[in-house]
Structures are given as structure tokens and as C-alpha cells.
Amino acid sequence: MELNNVKEAREGSAVTDVDVLIAGAGPTGVALGIDLARRGVRALVVERQDGLSRGARGTGLQPRTQEVFEDLGILEAVQAAGGPYPDMAQWQDGRIVSTQRMIERVDPTPSAPHSNTLMVPQWRNLELLHERLHELGGSVLFGAELTSFDQDPDAVRTRLTLSDGSERTVTSRYLVAADGGRSTVRKGLGIGMSGPELEQGAAVLADVRVDGLDRDHWHFWSAQSESSAAQRPLAGRFAGMLPLARTDIFQCMIAAPSDDPDTSPEAIRALLAATTHLAPEQIREVLWSSVFRPKAGMADRFRTGRIFLAGDAAHIHSPAGGQGLNTSVQDAYNLGWKLGQVLRHGAPDTLLDTYEAERRPIAARILDTSTRLHRSGSMRRGRDLHQLDIGYPDSPLTQELRPGVPEDALRAGGRAPDAPCTTADGTATRLFEALRGPQFTVLTLGETDLDDTALPVDPNLLRIVRVGSPAPDLIDTDGHVRDAYGSAPGVFLIRPDGYVAVAAPAEKAAEHIADALEAYLGAGALPVR
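Overview of the structure. Bear in mind that the values here come from a model prediction, so they are computed numbers and not experimental data.

## Some words on empty space enclosed by the protein
(1) Moving on: The final tally for this structure, using the stated rule, is 3 cavities of 30 Å³ or more.
(2) Moving on: By volume, the largest cavity is sized at about 200 Å³.
(3) Moving on: In this structure, the largest cavity is lined by 16 residues; those nearest its centre are E67, D71, Y333, F432 and L435.
(4) Moving on: Residue assignment for the lining of the largest cavity shows that the elements contributing at least two residues are helix 2 (63-72) and helix 10 (431-435).
(5) Moving on: Tallied by class, residues from the lining of the largest cavity come to 6 nonpolar, 3 polar and 7 charged.

Below you can see the structure in the form of C-alpha cells.
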């Protein structure tokens, strides 16, 4: 399988005026580009490298990210490119001495159809994201390094140096920094980053082709005992080799022999031969290599005026638990619909303040989790890392208006669950199918007094889905909607990113929803009452 060789150094080179300029064509930046493109927002992604980043890097896509990818229209392709993580095999004296399951496997449920971490090499993930961006008419300008920027109350002017040495200034309404942990934009804004101290050390990462190693296990070698290796995987001599799904490639992580290790193909072969039972000649090809040093931190703020930080530019995590890439993609998913509402539908700029209000606490929580796992050395991964329990109950956008809601019930701010159901003509479908798209969704359960004329009629803004009413859009054939959303009549306003914004009783349903929509759409988008 060929690694990415996309070259587009001149693509979009004439663009000088856009709604949103996105710095960085990693998963965060390209996912944001996709979300904005499907909303009709003029956006340009710029990347200082001449092509998409190489290397398997972060391979785990958590269930919540898979739901995001389903909405963005790439999950089917990503699933075809990925697979499950294999069990761990511990080697000693040239043979496997034990195996164990490191990543818990969970059966899917009606409310959570994507229940397990999916392994996809990051280079392949990026290729699929990039292809989807092109399908929607978006573009990436490669070979364009962001060198400086300034902003005023109306616009951001960003200066780029292209790979041929020429310079260009792009004017945008907003700038989003998705340019990584060493973010030029964050440093230019003078925003600090602080976080916990992680144990010092370095590891060598490499993608290799290997002879004589089965692809049914995630292979580990250590000079220490099996028990201590499981507890402190980066201590002493250590190597891990993960067979990447749908490829003939292994991702390697090897304890570095020094703080500044050699990453040449010859050095990688020698290092693997010294740490494993493999001979240098069995490492047929070294496709990519890098040095990893664990870091953790979070930016002091995620917004300054018309400029936002997202992904690693806003928070850096230990890879323990596979949380960093997933949290970053969900930054983009949170910010994308808010930028779309402001730029396309006249929502107030204050809506954009909720990006930091919602995402910074989540980043802090994930930072704590990944740091705890890193320090413990535990290799086991469970459903607590799937990010399906993340929500925004304390957001200024969240309203729980129902009295006496049971503690274990779905509440406003929570993730909107899926549910198998049927259409009025008996066709099998899922609630996620009805929610898919860039719009808000009003979900009514049972009989309510919802008056459609009090709500926007633009389907790009709002979709109404009735379940269990006299004229239903969906039939809760097996009670899965009831199980997920409760049996009492009521109404839920579901945000474009799949979280419940408002949960209200059946009475005065339209009034509750219309009041809430003013914060998202502005009063001008609502019918005159």
C-alpha cells in the first residue's frame, strides 16, 4: 500500500479573501474544513508542508469520533480502511510467553451503534478526510507557511510564504489555528500553555515493513519482566509493533537510547534488532520515522478576537488512552457549526464565545485522564475512554426545562442517542439518519402543542421530526426511542453537533424552542410571533 503522495502546492493559490482561514491540514483542520464546506462557508486550509503528514501516529478513533465522521459523510470509508486492535503478545527469548486483551471490546447497543475503538493509521485517516473535503468543494493550499497575522474588529490578515518563496496575504473573517503543539498562531497571540510535568524520556516512532512477524497480535518486547513492562512500557529497553489494519505495515514504538536518537533507516533496523528477536535484514523497509517526547498542556484561552485555537494548538496530551486526536476532531465539530451559524445565518458573534466555554473544560478533563494513564503505565483501555459520556450540561446554551427528571434519564447537554426505528411506510431507519446534516433538529415525542409556524421553515436551519404523534415521521417500532429519550411526551432541540440543547415539556413546546433558537439564529431568523 502506498503512503500518501498528495502534492498540491499551488492549489487555491489565487485565493486572497475567505470567510475562514484554517492554519494546519491535520485531522483537526481538515475536519473543520469539511464541516464548513457542507455549510456553504468559504474556507481555505493552508499547510506549510508540501503534502499531507505521513506516519501512522494516532491510530485510534473512539466511538464518539466515529459518530462525528458518520455525520460528516466519511465513516463508511474510514471503516473500510480500519479494523479492531489485536490482543497483546509479550515476547521473551524469541517466543510469545503470554497474551492478553488490552482494549476492551463492547457490544453495540441501539443507542450507541459504534461501540469500539477503530484502528486507522493517521496518514490514511487524513487521506480520507482530504478526499471528502474535495468532494464538498473545499481545498488545501500546501507549501504555504503562516508567517504573521494581525486582526481588527472586522477581519484577520494573514501573511503566507509559499514554497516558491513568494508571499501572499489572505484576508478572512476568522482565523482558526490548527497548527499543532508548536502553534505559530498561539505564540503570535502571546497565549501561554501550562500543564502537568510528564516523566522525561524519548521514544522512536517508525512505520516499517517486516518479515517473520504475525499480524494477529500487537507485539511487545522488554528487557524487564512481563509485569513491570506492562506497568512501565517506556522504561528501559522496550519495543512495541502494531500491525496496521488493511496494510502490510507495522507501527513501531521503541525506547530511545538517548535524548537525541538517530532515526535513519539503518538506525531503526539496529534499534529493533537490539530490542527484539528480529534480525536487521527482517526490517525490509522503513517508511517513516520520528522522535516522540511526552508533553501535556492546555492553552490559557481558546479565543482572542477573531482567532481561535483548536486541536494540539489548544491542548497537548500524552497518547495514553488515544484521546488527543479524538478531542481535536471534536473541537472542530463544535466550532464548525457555530461559525456556520454566524457567517451564514446571522447568529450573534457571542455564540462563538461558547466554543471556549464548552471545549476548554472538556480538554481539561481529557488532559487529566491521559496524564493519569500515562503515569500509571497501564496499557488496558476501556469504555470510559470512548467519549460517549462527554456533554455540555453547564453550557450557557443548555436548558433543561422539564421538572422532576430522573437522575439516570437523558438530560439537556447530553449526547443525543441513536435509536433504530421505521419510517411511516415501514422502512427501517435510525434516528441518526434523521439528525444527520448541518441543521438543528426538533425531536417531538408523543403529543405536544408544537406549532410549526412559530419556527423557521428553512430546512438548512431546522428540521422537525415527530415520533409517536398522530402524524409521525418515525415509528418507535421496538421502543428504542422511548428507552433512550424517556416515555413522557416532550420536545428536544438537538444541536448540529448531536447534543441536546433544550429538553422541554410538551406544553408551550414552540415557545420554549423559539426562545432557545434566538441564541443560535438571532431573532431575525424566527417568524414574527
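## Some remarks on the side chain of H114
(1) Moving on: Along the chain, H114 falls in the loop between strand 5 (95-100) and strand 6 (118-119).
(2) Moving on: Its relative accessible area of 10% is what places H114 among the buried residues.
(3) Moving on: At 2.9 Å, the side chain of H114 and the side chain of E70 are in polar contact.
(4) Moving on: For H114, the residues in contact, after removing those within four places along its chain, are P63, Q66, E67, E70, L75, Q79, L388 and R430.

## Examining the pairing of strand 22 (residues 420-423)
(1) Moving on: Where strand 22 and strand 23 (residues 428-430) come together, 3 bridges link them in antiparallel fashion. Among the inter-strand pairings, C421 is bridged to a residue of strand 23, identified as T429.
(2) Moving on: The turn linking strand 22 back onto strand 23 is made up of 4 residues, and G426 within it adopts a positive phi angle of 95°.
(3) Moving on: Strand direction decides the pairing type here: strand 22 and strand 26 (residues 474-475), joined by 2 bridges, are antiparallel. Within strand 26, the position partnered with T422 by the bridge is I475.

## What to know about a positive patch on the surface
(1) Moving on: Where like charges cluster on the molecular surface, the positive patch consists of R48, R182, K187, R293 and K295.
(2) Moving on: Relative to the assigned elements, R48 resides in the loop between strand 2 (43-47) and strand 3 (60-61).

## Remarks on the packing of aromatic side chains
(1) Moving on: Within this structure, the stated rule accounts for 12 aromatic pairs.
(2) Moving on: Centroid distance W91 to W221: 5.9 Å. Interplanar angle 20°. Geometry classified as stacked. Separated by 130 residues along the polypeptide, W91 in strand 4 (residues 87-92) and W221 in strand 13 (residues 217-222) bring together distant segments of the chain. A single burial state applies to W91 and to W221, both of which are buried.
(3) Moving on: With centroids separated by 5.7 Å and ring planes inclined at 40°, the aromatic side chains of F220 and F238 adopt a geometry described as tilted. Of this pair, F220 sits in strand 13 while F238 sits in strand 14 (residues 238-243), and the two are 18 residues apart along the sequence. The two residues F220 and F238 agree in class, both being buried.
(4) Moving on: Across the ring face of F250, the terminal group of R215 is positioned such that the distance to the ring centre comes to 4.8 Å.

## Concerning helix 1 (residues 27-37)
(1) Moving on: The buried fraction of helix 1 is high, at 11 of 11 residues.
(2) Moving on: Along helix 1, the positions that sit buried rather than exposed are P27, T28, G29, V30, A31, L32, G33, I34, D35, L36 and A37.

## Concerning the packing of helix 2 against helix 8 (residues 324-345)
The relative placement of two packed helices is expressed as an angle between their axes plus a distance between the axes.
(1) Moving on: In contact at an axis separation of 10 Å, helix 2 and helix 8 are set at 40° when each is read in the N-to-C sense. Classified by the interaxial angle, the pair formed by helix 2 and helix 8 is oblique. In this structure, helix 2 meets helix 8 at a crossing whose hand is left-handed. Every residue of helix 8 that contacts helix 2 at R64, T65, V68, F69, D71 and L72 is listed here: N326, V329, Q330 and Y333.
(2) Moving on: The class makeup of the residues in the contact of helix 2 with helix 8 is 5 nonpolar, 3 polar and 2 charged.

## As for the sheet that holds strand 11 (residues 193-194)
(1) Moving on: Taken together, 3 strands build an open sheet; the order of strands is 11-17-20 and the sheet is antiparallel. Both outer strands of the open sheet, strand 11 and strand 20 (315-316), are each paired with one neighbouring strand and no more.
(2) Moving on: Relative to strand 17 (residues 297-299), strand 11 runs antiparallel, the two being bridged by 2 bridges. In the sheet register, S194 faces strand 17, and the bridge partner there is M298.

## Digging into the nonpolar core
(1) Moving on: Counting residues in each nonpolar core, the largest one holds 95 residues, and the members touching the most others are V20, F69, V185, L339, L493, L517 and Y520.
(2) Moving on: Element by element, the count of residues in this core is highest for helix 8, at 9 residues.
(3) Moving on: Those residues in contact with L493 that sit more than four places away from it in its chain are F440, T441, V442, L462, Y499, V500, A501, V502, I513, A516, L517 and Y520.
(4) Moving on: By size, the runner-up hydrophobic cluster in this structure holds 21 residues, among which are A434, L443, L474 and Y485.

## Describing the packing of helix 1 against helix 4 (residues 122-135)
(1) Moving on: Where helix 1 contacts helix 4, the two axes come as close as 9 Å, and the packing angle between them is 20°. Considering their axes alone, helix 1 and helix 4 lie roughly parallel with respect to each other. Seen from above, helix 1 lies across helix 4 with left-handed handedness. Each of P27, V30, A31, G33 and I34 in helix 1 lies in contact with helix 4, whose residues at this interface are Q122, L126, L129, H130, R132 and L133.

## Points about the pattern of salt bridges
Oppositely charged side chains can form a pair if their charged atoms are brought close together.
(1) Moving on: In this structure the tally under the stated criterion is 32 salt bridges.
(2) Moving on: Among the ionic pairs, E67 bridges to R415, the shortest N-O distance being 2.7 Å. Here E67, found in helix 2, pairs with R415, found in the loop between strand 21 (399-400) and strand 22; they are 348 residues apart in sequence, far enough to count as distant.
(3) Moving on: By relative accessible area, which is 5% here, E67 ends up buried.
(4) Moving on: On the basis of relative accessible area, R415 is assigned to the buried category, the value being 11%.
(5) Moving on: A salt bridge links E70 to R430; the nearest nitrogen and oxygen atoms lie 2.8 Å apart. Here R430 lies in strand 23 and E70 lies in helix 2, a separation of 360 residues in the sequence.
(6) Moving on: Residue R430 is classed as partly exposed on the basis of its relative accessible area, which comes to 22%.
(7) Moving on: Linked by salt bridges that have partners in common, E70, D418, R430, E433 and R436 make up one network.

Cut-offs and rules
Residues numbered from 1 in each chain as written. Predicted model: local features only at pLDDT ≥ 70, side-chain atom pairs only at ≥ 80, totals over all residues. Heavy atoms only, no water. 1 Å grid on protein atoms, 1.4 Å probe; cavity = no way out; pocket = protein on both sides within 12 Å on 5 of 7 lines; lining within 4 Å. Points joined across faces, edges and corners; volume = space filled by probe spheres on them. Helix = DSSP H or I, 4+ residues; strand = E, 2+ residues; numbered from the N terminus. Nonpolar A, V, L, I, M, F, W, Y, C, P; charged D, E, K, R; others polar. Buried < 20%, exposed > 50% of the residue type's maximum accessible area, 1.4 Å probe, protein only. Polar contact = N/O pair within 3.5 Å; in protein donor to acceptor, adjacent residues only side chain to side chain. Contact = heavy atoms within 4.5 Å. Pairing = 2+ DSSP bridges. Patch = residues over 30% accessible without salt bridge, like charges linked within 9 Å, V, L, I, M, F, W, Y side chains within 5 Å. Areas by Shrake-Rupley, 256 points an atom, 1.4 Å probe, with all protein chains shown as cover. Salt bridge = Lys/Arg side-chain N within 4 Å of Asp/Glu carboxyl O. Lys, Arg positive; Asp, Glu negative; His and termini not counted. Charge placed at Lys NZ, Arg CZ, Asp CG, Glu CD. Phe/Tyr/Trp six-rings, centres within 6.5 Å; stacked < 30°, edge-to-face > 60°. Lys NZ or Arg CZ within 6 Å of the ring centre and 35° of its normal. Axes fitted to C-alpha atoms, helices over the stretch in contact; angles between N-to-C directions. Parallel < 35°, antiparallel > 145°, perpendicular 65-115°, else oblique. Left-handed = near helix turned anticlockwise from the far one by under 90°. Core = buried A, V, L, I, M, F, W, Y, C linked by side-chain atoms within 4.5 Å.

Note that every value here comes from positions in space, so none of it alone points to a role or purpose.
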